[in-house]
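# Examining the three-dimensional arrangement
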Amino acid sequence: VQDPRFTEFHDNDQKPVGFGRMLRKEDPRFLRGRGRYTDDVQLPGMLHLAILRSPFAHARIVSVDTSAAEASPGVKLVVTGAMLAEKGLAWMPTLSNDVQAVLATDKVRFQGQEVAFVVADDRYAARDALELIDVEYEVLEPVIDARKALEPDAPLIRDDLEGKENNHVFDWETGDEAAAEAVFQRADVVVQQDIVYPRVHPAPMETCGAVADFDAVEGKLKLWSTTQAPHAHRTLYAIVAGLPEHKIQVISPDIGGGFGNKVPIYPGYVCAIVGSILTGKPVKWMEDRSENLISTGFARDYIMRGEIAATRDGKILAIRTNVLADHGAFNGTAAPVKYPAGFFGVFTGSYDLQAAYCKMTAVYTNKAPGGVAYACSFRITEAVYLVERIVDCLADELGMDPAELRLKNFIQPDQFPYETKTGWVYDSGNYEPTMRLAMDMAGYADLRKEQELKRARGELMGIGIAFFTEAVGAGPRKHMDILGLGMADGCELRVHPTGKAVVRLSVQSQGQGHETTFAQIVAEEIGIPPADIEVVHGDTDQTPFGLGTYGSRSTPVSGAAAALVARKVRDKAQLIASAMLEVSVADLEWVKGSFQVKGDPGKSVTIQDVAFRAHGAGDLPDGVEGGLEAQICYNPSNLTYPHGAYICVVDIDPGTAQVKVRRFIAVDDCGTRINPMIIEGQIHGGLTDGVGMALMEMIAFDEDGNCLGASLMDYLIPTSLEVPDWETGFTVTPSPHHPIGAKGVGESATVGSPPAIVNAVVDALKPFGVRHADMPLTPSRVWDAMRGRATPP
Ligand code: PCD
């Protein structure tokens, strides 16, 4: 399973070339506190912006009086929705073909919605003045429960949309309903389970913010913002503002975690731009923690019914699901037009089925907009949770071991590329070895024995398994877009005369270590040490167009672009090398870092020699231009489909119902591994996310629509105290269509871990006859489950 090109190294000074455990190039900056985040941007004369937010979930705005705020010391500007409306700026498009209010004009539609903003000399003056804005609201009945949004007499939330008569965002289906029904009819065993994936929040360490600087003389807008997709944002601003792209520079500096939270365009960004245009000064807007939690993109909020059909001996035949998706007040997620429910279509999992069908209704509610892909390539997290939970329900029904049931139903290696019953083509996979490795690492058979002994003593120990296949790396432009923009990525590589290089990417790291791994990809291809390769990203003036970092797409798309652009440069270098060595191109052999004359290793030139020659005096071969650089735009032919086998062991205190994750084994297969150390870090982070969602996190609302998770006192996120020492392993099944065989991995652990943990808890509760309990499995929910009480709605 070891990739032949893989070399282990730890010492960066050895000038390693290519893939392996290289320490991160960006870390000296971060470790010394020299990162430069949006809030670190200080410009001469900069003003500060604060946003007034709605206290109500649903209310008509009767009047807004800003006079007292305008008179407050230090205040330069107060802007309301009505003022924006005069300029046609009160509404903006979202990244999924909806519109969202920048500042409310007619109604507020969720608690925390933007109503007005103040620009002042400093942050305190701006915030103080917010309190002086007098808004009169006429409170309306809110719709908080997605099920109630469907009722015929439910209040209409989006009366701003012409002709809208109900709260549906979309109705969508995938798979073959009739075929699925036929299989369900004749199946020996059918299991049905209602499953809720509660609303959670990505809660990145750095909240969202922006600094806008409009230069009226140049007519150019410079915007530092916490965005995961600087080019997509710029194009949207260009369309809305009617400015050409080259008059807008979006800079995404160091980002303190994104996790999907920084994909959407937020009203605050637009407010900062408007503030700068109106005051003629740079304007900074930074959210506080509560603002981030109550108003920016949440994730999940799916109410699912899963059904699985199988033979008595455990051959899974079909899966079907009915989903009610809560999108909040505006459809503010980013999703390809063709896939309104994202890539939920992979709910068929890693199993060879005869039929599958999904029906989904998405609704507006009076809650914050979002549905963002929080470490989830467009709703894959929900899909994987559904299938891995329902497969466990089936194992329970059949009295079969859940590992054995999975092993029996895997898509087999010779079936790849495998077309699922919902039309996705899995590029490659070899599931059984991954599963077996996880079972070996866990000591699965021994764990089951231990569990048996403990059960006999009344102790609650559970073992949970999840096996997932993800679809990451959006995506082929014939299938995928964001707001009509194709999802291909540009990449540019320039080798300087001395053989140092700069690679310019369209994607942007939020902590994943792209400055290291993209240097490694280029190094692998052209033999220049990673230390000599500068990675430039996150600035639209400096980088080629591309759709940004989310859905674990950087490696599958931009990583491929980086490899291919390097090959293009190497091809050119080979022409020059052949002239330097006076042999034909075909007589040259590439030995990482140099061209050698075949059969005469003494005659060779290094890539650095070639770089100097490419820029040097004297003639180059006919038809070869000077310089050593190239640019490409890579359009992937398919997504990449990483997979993984996770096993979780929990102990539950029977007296307090507290769940302790004792062990967690994660075996991931992301194809060719560029930097195993970074991959392990990604996995550790994602598993921690999973513990949070499975056991602690939920953005809840009361019936008036007050957000009950508005601070980190109420919205619990995991710390090192709640997580075990992760045990990681890997297998390598390269992607056949990716130039280096790599698949994405950034989100895998967040996707795969919640079902493993929940399956473990439910397994522990088996003596109580529990077959399912909804996340988050807090002590009170576990307690209820033990007492046979249903999970509260
Ligand atoms: N890798 C390697 N190898 C392979 C793969 C991969 O090495 N095979 C690595 C790379 O290079 C990078 C990483 O790893 O560095 C990752 O990758 P990917 O998978 O491609 O991904 P990206 O695109 O880069 O990223 C993204 C992701 C996501 S999506 C998320 S959520 C998260 C993750 O990422 N986020 C974050 N992780 C992380 N980390 C950090 N630190 N921070 C953050 O923020 Mo979404 O859709 O947005 O929701």
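Residues numbered from 1 in each chain as written. Predicted model: local features only at pLDDT ≥ 70, side-chain atom pairs only at ≥ 80, totals over all residues. Heavy atoms only, no water.

## Here we look at the overall build of the protein chain
From N to C terminus, the protein chain includes 19 helices and 32 strands. Here the C-alpha atoms of the protein chain give a radius of gyration of 27 Å, agreeing with the 28 Å that 2.2 N^0.38 yields for 793 residues. The principal-axis extent of the C-alpha atoms belonging to the protein chain is close to 80 × 75 × 50 Å. When contacts within the protein chain are restricted to residue pairs at least 6 apart in sequence, those whose partners lie at least 24 apart make up 79%. For the protein chain, the exposed surface amounts to about 28,400 Å²; the carbon and sulfur share of it is 51%. If the 74 positive side-chain charges of the protein chain are averaged to one point and the 105 negative ones to another, these points end up 3 Å apart. (Helix = DSSP H or I, 4+ residues; strand = E, 2+ residues; numbered from the N terminus. Rg over C-alpha atoms; globule rule 2.2 N^0.38 Å. Contact = heavy atoms within 4.5 Å. Areas by Shrake-Rupley, 256 points an atom, 1.4 Å probe, with all protein chains shown as cover. Lys, Arg positive; Asp, Glu negative; His and termini not counted. Charge placed at Lys NZ, Arg CZ, Asp CG, Glu CD.)

## Some details on the state of the cysteines
The final tally for this structure, using the stated rule, is 0 disulfides. Here Cys271 is not disulfide-linked; the sulfur of Cys208 is the nearest cysteine sulfur, at 13 Å. Overall, the relative accessible area of 1% leaves Cys271 in the buried class. Cysteine Cys376 is unpaired, with the sulfur of Cys358 as its nearest cysteine sulfur at 14 Å. (Disulfide = S-S within 2.5 Å. Buried < 20%, exposed > 50% of the residue type's maximum accessible area, 1.4 Å probe, protein only.)

## Here we look at the packing of helix H11 (residues 402–409) against helix H12 (residues 431–442)
As a packed pair, H11 and H12 sit with axes 10 Å apart at the nearest point and diverge in direction by 165°. Here H12 runs roughly antiparallel to H11, going by the angle between their axes. Helix-helix and strand crossings are classified by hand; for H11 and H12 the assignment is left-handed. Residues Ala403, Arg406 and Leu407 of H11 lie in contact with H12, whose contacting residues are Glu432, Met435, Arg436 and Met439. (Axes fitted to C-alpha atoms, helices over the stretch in contact; angles between N-to-C directions. Parallel < 35°, antiparallel > 145°, perpendicular 65-115°, else oblique. Left-handed = near helix turned anticlockwise from the far one by under 90°.)

## Considering a negative patch on the surface
On the surface, Asp65, Glu70, Asp134, Glu136 and Glu138 cluster together to form a negatively charged patch. The leading source of residues in the negative patch is strand E8 (residues 134–139), at 3 residues. Here Asp65 is to be found in strand E2 (residues 59–65). (Patch = residues over 30% accessible without salt bridge, like charges linked within 9 Å, V, L, I, M, F, W, Y side chains within 5 Å. Salt bridge = Lys/Arg side-chain N within 4 Å of Asp/Glu carboxyl O.)

## Side note on the sheet that holds strand E6 (residues 107–108)
Strand order in the open sheet made by the 3 strands is E6-E2-E8, with antiparallel pairing throughout. Two strands lie at the open edges of the sheet, namely E6 and E8, each paired on one side alone. Here 2 bridges tie E2 to E6, and the two strands are oriented antiparallel to one another. Across the sheet, Arg60 pairs through a bridge with Lys107, a residue of E6. (Pairing = 2+ DSSP bridges.)

## Remarks on helix H7 (residues 230–241)
Relative to the 16 Å expected for 12 residues at 1.5 Å per residue, H7 spans 16 Å between its end C-alpha atoms, a close match to the ideal helical length. Of all 12 residues in H7, 9 are buried; the element is thus mostly enclosed. All buried positions along H7 are accounted for by Pro230, His231, Ala232, His233, Arg234, Thr235, Leu236, Tyr237 and Ala238. One or two positions beyond H7, positive phi appears at Gly242, with a value near 70°. (Expected span 1.5 Å × (residues − 1).)

## Some words on the pairing of strand E23 (residues 489–495)
Side-chain direction in a regular strand flips from residue to residue, so the side chains alternate between the two faces of the sheet. With 6 of 7 residues buried, E23 is to be regarded as a mostly interior element. Here E23 pairs with strand E29 (residues 628–634) via 7 bridges, running antiparallel. Its bridge partner being in E29, Val495 is matched across the sheet by Leu628. One ladder, built from 5 bridges, connects E23 with strand E24 (residues 501–505); its direction is antiparallel. Note on E24: the bridge partner recorded for Leu493 is Val503. The antiparallel hairpin formed by E23 and E24 contains 5 residues in its connecting segment, where Gly499 sits at a positive phi of about 85°.

## Some thoughts on the site of the ligand
The full set close to the ligand counts 36 residues, and Gly258, Ala373, Ala375, His514 and Val745 are the nearest of them. Measuring from an oxygen atom of the ligand, one finds a backbone N or O atom of Ala375 at 2.6 Å. Listed by contribution, the elements that provide at least two residues to the shell around the ligand are helix H14 (514–526), helix H15 (554–581) and helix H17 (676–696). Along the lines of polarity and charge, the residues of the shell around the ligand split into 13 nonpolar, 19 polar and 4 charged. (Near = heavy atom within 4 Å. Polar contact = N/O pair within 3.5 Å; in protein donor to acceptor, adjacent residues only side chain to side chain. Nonpolar A, V, L, I, M, F, W, Y, C, P; charged D, E, K, R; others polar.)

## Section: the packing of aromatic side chains
Taken as a whole and judged by the stated rule, the model has 25 aromatic pairs. Ring centres of Phe410 and Phe467 lie 4.4 Å apart, and the angle between their planes is 50°; this geometry places the pair in the tilted category. Residue Phe410 is located in the loop between H11 and strand E18 (418–419), and its partner Phe467 is located in strand E20 (residues 460–469); the two are separated by 57 residues in the primary sequence. The burial state of Phe410 is the same as that of Phe467; both residues are buried. Between Tyr646 and Phe664, the aromatic rings sit 5.6 Å apart at their centres with planes inclined by 75°, giving edge-to-face as the arrangement. Residue Tyr646 is located in strand E30 (residues 643–652), and its partner Phe664 is located in strand E31 (residues 659–669); the two are separated by 18 residues in the primary sequence. Considered together, Tyr646 and Phe664 belong to a single accessibility category, that of buried residues. Over the aromatic face of Phe184 sits the side chain of Arg320, whose NZ or CZ is 4.0 Å from the ring centroid. (Phe/Tyr/Trp six-rings, centres within 6.5 Å; stacked < 30°, edge-to-face > 60°. Lys NZ or Arg CZ within 6 Å of the ring centre and 35° of its normal.)

## Description of the packing of helix H10 (residues 380–398) against helix H18 (residues 748–764)
Their axes nearest at 8 Å, the elements H10 and H18 cross at an angle of 30°. Viewed along their axes, H10 and H18 adopt a mutual orientation that is roughly parallel. As for the relative orientation of H10 and H18, their crossing is right-handed in sense. Residues Ile380, Thr381, Val384, Tyr385, Glu388, Arg389 and Asp392 of H10 touch H18, and the partners they reach there are Thr750, Val751, Pro754, Pro755, Val758, Asn759 and Val762. Looking at side-chain class alone, the contact of H10 with H18 contains 8 nonpolar, 3 polar and 3 charged residues.

## Re the environment of Arg32
Tracing the backbone through its elements, the reader meets Arg32 in the loop between helix H1 (27–31) and strand E1 (47–53). Look at Arg32 and you get exposed, because its relative accessible area is 65%. Here the alpha-carbon distance between Arg32 and Asp128, two residues 96 residues apart in the chain, equals 34 Å.

## Focus: the pairing of strand E27 (residues 594–597)
Covered by surrounding structure in E27 are Ser594 and Gln596 together with Phe595 and Val597, the residues of both alternating faces. One ladder, built from 4 bridges, connects strand E26 (residues 588–591) with E27; its direction is antiparallel. The residue of E27 that forms the bridge with Val591 is Ser594. In this structure, the hairpin formed by E26 and E27 is closed by a connection of 2 residues, where Gly593 is found at a positive phi of approximately 100°. Judged from the 4 bridges that link them, E27 and strand E28 (residues 600–606) form a sheet pairing that is antiparallel. Residue pairing across strands places Phe595 opposite Val605, the latter belonging to E28. Between E27 and the antiparallel strand that follows it, E28, lie 2 residues; Gly599 among them carries a positive phi value of about 80°.

## Topic: the side chain of Arg379
Mapped onto the elements of the fold, Arg379 is located in the loop between strand E17 (355–363) and H10. Only 3.1 Å separates the side chain of Arg379 from the side chain of Tyr302, close enough to count as a polar contact. Reaching out from Arg379, the side chain makes a polar contact with the side chain of Glu382 at a distance of 2.8 Å. Once you skip the residues sitting within four places of it in the chain, Arg379 turns out to touch Arg300, Tyr302, His327, Ala341, Gly342, Phe343, Phe344 and Gly371.

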